[in-house]
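Chain by chain, the residues run as shown.
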Amino acid sequence: MSPLPNQPAYWHIIHHPVEDIGFGKETLSIHFVPPAEFGFVGSMDKHLKQQAYMCHLVRRFAGGFEMRSRFWIGRDIRLNPFIGSAIIEKLVNTKMARMLSLPSKMGLAMALHCAQEYNNLSEILPELYSVYKQD
């Protein structure tokens, strides 16, 4: 899907970064959508179409910009379709299955990953901003 006029070019793009979010490297699937459509994160390695909702909010403040991230991990688990996937999705989307399938340290692992990634971004974003800013 191509962006509409005046729409950021990354909307409706699916990105497959290889990242370690605390449990070993895996190929993620991140679908960038307009805020009104919200965002989804899945895992290509685990054949999950969706396993978390993720939202990055960037806002201007007196000293520049800040980014806040929110994750709803395991809120709605969706599998890549196969015969019987609808039945399995019903089973994995129960409270007990979520408690058993999600690592107990997932929140801590994501917090550490974000701190590392945002530290890296703080190194590269000022230069990128100066290149791409529109006056």
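As a starting point, this report considers the structure included with it. (Residues numbered from 1 in each chain as written. Predicted model: local features only at pLDDT ≥ 70, side-chain atom pairs only at ≥ 80, totals over all residues. Heavy atoms only, no water.)

### Quick notes on the layout of surface pockets
Formally: Every definition here rests on a 1 Å grid over the protein atoms only: cavities are sets of points where a 1.4 Å probe fits but cannot get out, pockets are open sets enclosed by protein on both sides within 12 Å along at least five of seven lines, and lining residues have some atom within 4 Å of a point. Grid points are joined across faces, edges and corners, and a volume is the space filled by probe spheres set on the points. Going along the chain from the N terminus, every DSSP run of H or I of four or more residues is numbered as a helix, and every run of E of two or more is numbered as a strand. Ten residue types, Ala, Val, Leu, Ile, Met, Phe, Trp, Tyr, Cys and Pro, are classed as nonpolar, four, Asp, Glu, Lys and Arg, as charged, and the remainder, Gly among them, as polar.
Empty space within the largest pocket amounts to approximately 1800 Å³. Lining the largest pocket are 43 residues, and of these Phe 32, His 56, Val 58, Met 67 and Leu 121 sit closest to its centre. Among the secondary structure elements, those contributing two or more residues to the lining of the largest pocket are strand S3 (25-32), strand S4 (40-43), strand S5 (48-61), strand S6 (64-79) and helix H3 (106-132). Considering each element in turn, the lining of the largest pocket owes the most residues, 13 residues, to H3. By residue class, the composition of the lining of the largest pocket is 31 nonpolar, eight polar and four charged.

### Things to note about the side chain of Ser 69
Note the cut-off: Under the scheme applied here, a residue whose accessible area is under 20% of the maximum for its type counts as buried, over 50% as exposed, and between as partly exposed, the area being computed with a 1.4 Å probe on protein chains only. Any pair of nitrogen or oxygen atoms within 3.5 Å is treated as a polar contact; in protein, a donor-acceptor pairing is required on top of that, and neighbouring residues in sequence qualify only through side-chain atoms on both sides. Contacts were defined at the residue level, with two residues in contact if any of their heavy atoms lie within 4.5 Å.
Note that Ser 69 resides in strand S6. A residue is classified by how much of its surface remains accessible, and Ser 69, at 15% relative accessible area, is buried. At 2.6 Å, the side chain of Ser 69 and the side chain of His 56 are in polar contact. A distance of 2.3 Å separates polar atoms of two side chains, one belonging to Ser 69 and the other to Tyr 118. Not counting residues within four places of it along the chain, the set of residues in contact with Ser 69 comprises Cys 55, His 56 and Tyr 118.

### Examining the pattern of salt bridges
What counts, and what does not: Basic side-chain nitrogens of Lys or Arg form a salt bridge, by our definition, when they fall within 4 Å of a carboxyl oxygen of Asp or Glu.
With the rule as written, the count across this model stands at four salt bridges. A salt bridge links Glu 66 to Arg 68; the nearest nitrogen and oxygen atoms lie 3.1 Å apart. Taking the shortest distance from any N to any O, the salt bridge between Asp 76 and Arg 78 comes out at 2.7 Å. Put simply, Arg 59, Glu 66 and Arg 68 are held in one network by salt bridges that share partners.

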